[in-house]
Amino acid sequence: MIKTVAQGALALVFIALLIAALWRAPINGWGSVAFLASMLAINVIRAPFQKANQANVITGKTQVTKEGILLALVAIGGYLPIVHLATGWLSFANYSVPFWVPILGAVTLVPTLYLFWRSHKDLGRNWSVTTEIREEHVLVTNGVYKSVRHPMYTAIWLLFLMQPLLVHNWIAGLSGPIAFGIMYVIRVPYEEAMMREQFGKAYEDYCARSGRLVPKLL
Ligand code: SAH
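Residues numbered from 1 in each chain as written. Predicted model: local features only at pLDDT ≥ 70, side-chain atom pairs only at ≥ 80, totals over all residues. Heavy atoms only, no water.

This structure, assessed with the given rule, holds ten aromatic pairs. An angle of 45° between the planes, with centres 5.9 Å apart, marks the rings of Y114 and W117 as tilted. Separated by three residues within a single helix, Y114 and W117 lie in helix α5 (residues 100–123), roughly one turn from each other. In this structure Y114 comes out as partly exposed when scored by relative accessible area, which is 46%. A centroid spacing of 5.2 Å and a plane angle of 85° characterise the contact between W157 and F180, whose relative ring orientation is edge-to-face. Linking W157 in helix α6 (residues 151–166) with F180 in helix α7 (residues 175–199), this pair joins segments that are 23 residues apart in sequence. An identical accessibility class is assigned to W157 and F180; each is buried. One aromatic cluster in this structure is built from Y153, W157, F160, F180 and Y184. (Phe/Tyr/Trp six-rings, centres within 6.5 Å; stacked < 30°, edge-to-face > 60°. Helix = DSSP H or I, 4+ residues; strand = E, 2+ residues; numbered from the N terminus. Buried < 20%, exposed > 50% of the residue type's maximum accessible area, 1.4 Å probe, protein only.)

Right, let's get into the packing of helix α4 (residues 64–87) against α7. Two elements in contact, α4 and α7, have axes whose closest approach is 8 Å; the angle formed by their N-to-C orientations is 160°. With respect to α7, the axis of α4 lies roughly antiparallel. The two elements α4 and α7 meet at a crossing, and its hand is left-handed. The segment α4 lies against α7, with K66, E67, L70, L71, L73, V74, G77, G78, L80 and P81 engaging S175, G176, A179, F180, I182, M183, I186, R187 and Y190. (Axes fitted to C-alpha atoms, helices over the stretch in contact; angles between N-to-C directions. Parallel < 35°, antiparallel > 145°, perpendicular 65-115°, else oblique. Left-handed = near helix turned anticlockwise from the far one by under 90°. Contact = heavy atoms within 4.5 Å.)

Time to look at the site of the ligand. Around the ligand, a shell composed of 21 residues is seen, among which E132, V140, Y145, H150 and E191 lie nearest. One of the side-chain N or O atoms of Y145 is found 2.6 Å from an oxygen atom in the ligand. Take M152: an N or O atom from its main chain is 2.9 Å from an oxygen atom of the ligand. Taking 540 Å² as the accessible area of the ligand by itself, protein coverage stands at 99%. Residue composition of the shell around the ligand, grouped by class: twelve nonpolar, six polar and three charged. (Near = heavy atom within 4 Å. Polar contact = N/O pair within 3.5 Å; in protein donor to acceptor, adjacent residues only side chain to side chain. Areas by Shrake-Rupley, 256 points an atom, 1.4 Å probe, with all protein chains shown as cover. Nonpolar A, V, L, I, M, F, W, Y, C, P; charged D, E, K, R; others polar.)

What follows covers the pattern of salt bridges. Overall, the coordinates contain seven salt bridges when judged by the stated rule. Between D122 and R118 there is a salt bridge; the shortest N-O distance is 3.1 Å. Of this pair, D122 and R118 both sit in helix α5, separated by four residues, roughly a single helical turn. The class for D122 is buried, based on a relative accessible area of 17%. Residue R118 is classed as partly exposed on the basis of its relative accessible area of 22%. R149 is the salt-bridge partner of E192, the closest N and O atoms lying 3.0 Å from each other. (Salt bridge = Lys/Arg side-chain N within 4 Å of Asp/Glu carboxyl O.)

We now examine the environment of V185. By secondary structure assignment, the location of V185 is in helix α7. Of the residues examined, V185 reaches a relative accessible area of 58% and is grouped as exposed. V185 sits 153 residues away from S32 along the chain, and the two C-alpha atoms are 28 Å apart.

For α7, built from 25 residues, the straight-helix expectation of 36 Å at 1.5 Å per residue is met to within 8% by its first-to-last C-alpha distance of 35 Å. Roughly 35° is the biggest bend found in α7, and it falls at R187, with proline P189 one to four residues downstream. Taken from the residues just after α7, G200 is the one with a positive phi, measuring 55°. (Expected span 1.5 Å × (residues − 1). Bend = angle between axes of the 7 residues up to and from the residue.)

Bear in mind that shape data such as this cannot, by itself, settle questions of function.
This is the structure:
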């Protein structure tokens, strides 16, 4: 009950900030609209998978405290720009860019959001926000997981790297890529260790033939 009320309140704050940020788009530049659309899109893409996976029975979690801190850091890094775009409170750290920079950012978002959706679709019930193993967990090595082990992180990296191209502010533009960079470096080793422990040789073989963020060249 308390969780539902808190989630509802957060969703309302999110929508209010989105509206305020859209209102200020002429000041923030139209790249900010593409950024806001991508934030909305990632929430819309994730929602049905998150709902379906609530029924999962979790059999193993790893690094719970560390994970909580890292996820909070990434949430701050990702949502800080919306607060800035809605209020202008970090305007003292704004920078300007050539006209083609937000175009490049917005165009890159399209295949990136597709990859974000595809990786959720291919992982299906095996996907989770935190690093965990569920009952009947299956090692997925098909679809976008065929030659890349972390395609979802590839998509999230690209999303965050587009942030400074669309939000022209040294703090709000860089908060996302820095926060995710920290999370990526710390999380991937223990996520892979958990998968290795769960799937043994099958995961070793999968590692040998796949790359982390992009396919192996040879
Ligand atoms: N690192 C992956 C998945 C992120 S979601 C990516 O970037 O695409 C994190 C969860 O996905 C982890 O809890 C793990 O249990 C699960 N997971 C990661 N890779 C998987 C795989 N190949 N098959 C099944 N589950 C996987």
